[in-house]
Amino acid sequence: MMKKLIQLASILATCLTMSAFANEASRIYELWEPEPAPNNGRSKWEETKSSRRPKSYDRDWERWSYPIGNGYTGVSIFGRTDTERVQITDKTLHNKGIYGKGGLTSFAELYLDFNQDDVKNYRRSLNLNESIAHVSYEKDGVTYKREYFASYPDNVIAIRLTADQQGALSFTVRPEIPYLAMKQRTGSITAVDNLLTLKGSMPLYSCNYEGQIKVLNEGGSVTADAKKGTIKVNKADAVTLLITTGTNYRLSPETFSNTSVKKLNPNEFPHDAVSARMQAAHDLGFAKLKQNHLKDYQNLFGRVSVNLNSKPSADPTHILLQKYQKGKANNWLEELMFQYGRYLLISSSREKSLPANLQGAWSQDYYTPWSGGFWHNINVQMNYWGSMSANLAECFEAYTNFYKAYLPIARGHATDYVSKHNPKQLTKGDDNGWIIGTGANAYYIPSAGGHSGPGTGGFTAKLLVDYYEFTQDKEYLEEVAYPAMLSLSKFYSKVLVPHGNKLLVEPSASPEQTATPEQVEGLPGHLKGGRNYITAGCTFDQGFVWESYSDTLALANALGNKDPFLDTIRKQITKLDPILVGADGQIKEYREENHYSDIGQPRHRHISHLCPLFPGTLINSKPEWMQAASKTLDLRGDRTTGWALAHRMNSRARLGEGDKAHEAFQRFIRERTATNLWALHPPFQIDGSLGTMAGVAEMLLQSHDDSIQILPALPKAWSTGHFDGLVARGNFVVSAKWTDAKATELSIQSRSGGECRIAYPGIGKATVTGSDGNQVKLTRDGQDQIHFASKLGEKYSLQLVKGTSAN
Ligand code: FUC
């Protein structure tokens, strides 16, 4: 399905190397420190009911370790010289988790005992251009080096240790199965020749796991200690460590629907698969593995550059961050954060892996905060907001596959939901659509309800629609996006209840907002569990019904589909009345609200009533609603958590408020970013990193309203710069250069053909040439918009005329 896109992407990559911004490729983005990550250990392991910070919390891991990953496996590297710690997460390994419904838990720890102190010229780094972590230092006149990477194509972790003197490498390889004492898993370690095997099971869901570590020495010797489960390397010249992990997990409807121990087949073991991968990696050897890894990774990472006229900094990352936190603006750090977001997405979400979870692919925990799941009331969606615009649509395929696997369960949930809340609307069979609620994980798919209304479904489906709109993949439209939208719309049509001449979702809840009994006294809704206000027609739910209906109609149009149900949508969409402006000029969160925050916490992290602004589009359609959204953001304020700042940043970008979007980004960096640049809620959650990455792209390029908007929310701080390779809906790849906030160069590659409509102040006077240098026939829609019929694969340059407002 992606083949055509990938082919075009590589054509484009070639074009970009020849482009005016060619030297961009030489900008190296790296995180680095002159010290190893500290490793003071975790807090006590005992079980806890705190979803935010379980007792296995490990501050050093969270703030200082460097993450690498290949979608399946996440690895955290400390880079130590006494005892190196390499913590390994396999996204499929779950214990019962914090809520008893499954939760991510650490797979393994790998310790390398070097016992080297007082080293000189120490440096550790994480190179984002190559996705390789490095450690180097000197000890007793010998220079030691290490490289670490996680390969997606060969599904293996490779670590290479070298020294500049022969026979200098002596250390013990000592793996550990964490949290065995907690008795939720069994496990043992064997050491035979040069192979360590970690094996056991997680009886809760019959999950069998295996990890293998192969120690390949060049020179010297290796000796296994069967009793201790370790391997000793003695006087080697160089060593390659290969690590493969696996479980018997299957992404399938049965895994979600089967109950408890029957979720997986207890008689199935990953041994053969893990061994075969190890053998294949061994046969390839380190150099070829690295070559395969670079080819795969750089094809994705190398597609986009963003240059905000910054000077690369020589400071260690924690100093760079500290200076920024003390108020020193730094565009380099902002660029680095953008590329780090892209790096983290590639490292935690690949075509054949599970999607990026709440912590991406990294958890050293016994119980990962919030179970390390796929949170569907904003977090998992935020993980993918930037996937298409930042030219990483392939990474979203992980979510599509997840969606396909959970769809039968989600259909069952829809039938149950309608029979519970609106039984008269129930259709026999399973034609009641589908719905997913908030706290999903690799083994469990919840229904909507509780603290978040069924808008969670539309929130999710927006990604499927976006995937089609960005890639123009017709097969996806036909097989995934349109059926998903039609079916979701059917579900929504059954949860709408007439209120006068309006149709309102009932019951309805604005995600996680909490109200007091005094606030809701005398109102038609009620407080659930004493906190969440459950009512009819919250903006979050009404908004997503509107978005889903309108997307369904648009996709039906693209396909020429005439399903009779579309008439129901056409009738109902006019009665949704989703956006209401209150007495303070705010977008109301609840219909019953008059003044801002009559109901709910005024500074709540969620801004779910602004979802029709971003990622939705409804609010964008009316200037007075845009103004009300801006007012709402002012009232809500930016004193909030990591991911919540990312939503504010994207929302401000949609409003064209570049400086305010930038302020949210700055606050995110100052207050919610760890020294390894991970996003902190706190604790660590990947959504903030990926959401702000999307925010940068959204500030530079937008395409939600049928036109490609160039530099729609440029802040003063970025008044000069250029970008290459961002993607607009319609599958257009855009490059732009600007000085003093005015575009000077613009080029567009059409990856799917079709009408290309570009909006920019003064662009009406521009001319467009194709790759042959000939002028293209175009239509000018006034001063600020042009459009032309683009040809598949063609690259166009725009000549912006001096003297217009564009130049
Ligand atoms: C949502 C948020 C919380 C947290 C959780 C994982 O429910 O409201 O703040 O991020 O997801």
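Scroll up a little and you will see the structure.
Residues numbered from 1 in each chain as written. Predicted model: local features only at pLDDT ≥ 70, side-chain atom pairs only at ≥ 80, totals over all residues. Heavy atoms only, no water.

Chemist: Lay out unusual backbone geometry with the relevant residues and their values.
Modeler: Most peptide bonds take the trans configuration, and most residues that are not glycine carry a negative phi. A cis amide bond links glutamate 506 with the next residue in sequence, proline 507, at an omega value of 0°. Its place among the elements puts proline 507 in the loop between strand 23 (502-505) and helix 11 (517-520). Put simply, histidine 681 and proline 682 share a cis peptide bond, and its omega is -10°. Within the fold, proline 682 resides in the loop between helix 16 (658-671) and helix 17 (687-700). We note that asparagine 309 has phi near 60°; this positive angle belongs to a residue other than glycine. Despite not being glycine, leucine 677 has its phi angle at roughly 65°, a positive value. As for its placement among the helices and strands, leucine 677 is situated in the loop between helix 16 and helix 17. (Helix = DSSP H or I, 4+ residues; strand = E, 2+ residues; numbered from the N terminus.)

Chemist: Outline the site of the ligand, supporting the account with residue identities and numerical values.
Modeler: Looking at the ligand, the residues that line it are Leu358, Trp370, Trp375, Asn377, Asn379, Glu512, Arg605, His606, Trp643, His681 and Gln685. Between the ligand and asparagine 379 there is a distance of 3.1 Å, counted from an oxygen atom to a side-chain nitrogen or oxygen. In this structure, histidine 606 approaches the ligand through a side-chain N or O atom, which is 2.6 Å from an oxygen atom. When isolated, the ligand has an accessible area of 290 Å², and the protein chains bury 98% of it. Among the residues making up the shell around the ligand, the classes are represented as four nonpolar, five polar and two charged. (Near = heavy atom within 4 Å. Polar contact = N/O pair within 3.5 Å; in protein donor to acceptor, adjacent residues only side chain to side chain. Areas by Shrake-Rupley, 256 points an atom, 1.4 Å probe, with all protein chains shown as cover. Nonpolar A, V, L, I, M, F, W, Y, C, P; charged D, E, K, R; others polar.)

Chemist: Explain the sheet that holds strand 29 (residues 732-739) to me, and be specific about the residues and the numbers.
Modeler: The strands making up a sheet associate through backbone hydrogen bonding, with each pair oriented either parallel or antiparallel. As summarised here, the arrangement of the six strands in space is 19-28-29-30-35-32, forming an open sheet in which the pairing is antiparallel. A strand with exactly one partner marks an edge of an open sheet, and here the two such strands are strand 19 (305-307) and strand 32 (767-769). The mean angle between the axes of side-by-side strands here comes to 25°, regardless of whether they run parallel or antiparallel. Across three bridges, the pairing between strand 19 and strand 28 (residues 721-728) is antiparallel. Note on strand 28: the bridge partner recorded for asparagine 307 is histidine 722. Where helix 6 (residues 331-348) meets the sheet, its contacts fall on strand 19 and strand 28, and the angle it forms with strand 19 comes to roughly 165°. (Pairing = 2+ DSSP bridges. Axes fitted to C-alpha atoms, helices over the stretch in contact; angles between N-to-C directions. Contact = heavy atoms within 4.5 Å.)

Chemist: Describe the packing of aromatic side chains, listing the residues and the values that go with them.
Modeler: Scanning the entire structure with this criterion turns up 40 aromatic pairs. Pairing tryptophan 61 with phenylalanine 684 gives two aromatic rings, centres 6.0 Å apart and planes at 70°, and the pair type is edge-to-face. With tryptophan 61 in helix 2 (residues 59-64) and phenylalanine 684 in the loop between helix 16 and helix 17, this residue pair connects regions lying 623 residues apart in the sequence. By relative accessible area, which is 3% here, tryptophan 61 ends up buried. Given a relative accessible area of 2%, phenylalanine 684 falls into the buried group. When the centroid spacing of 5.8 Å and the interplanar angle of 20° are considered together, the rings of phenylalanine 396 and tyrosine 399 count as stacked. Taken together, the positions of phenylalanine 396 and tyrosine 399, both in helix 8 (residues 393-421) and three residues apart, correspond to about one turn of that helix. Members of the aromatic cluster, joined through ring pairs, are Phe256, Phe374, Tyr384, Phe396, Tyr399, Phe402, Tyr403, Tyr406, Trp434, Tyr467 and Tyr476. Between the NZ or CZ atom of arginine 160 and the centre of the ring of phenylalanine 286, over which it lies, the distance is 5.7 Å. Against the face of tyrosine 209 rests arginine 185, its NZ or CZ located 4.6 Å from the ring centre. (Phe/Tyr/Trp six-rings, centres within 6.5 Å; stacked < 30°, edge-to-face > 60°. Buried < 20%, exposed > 50% of the residue type's maximum accessible area, 1.4 Å probe, protein only. Lys NZ or Arg CZ within 6 Å of the ring centre and 35° of its normal.)

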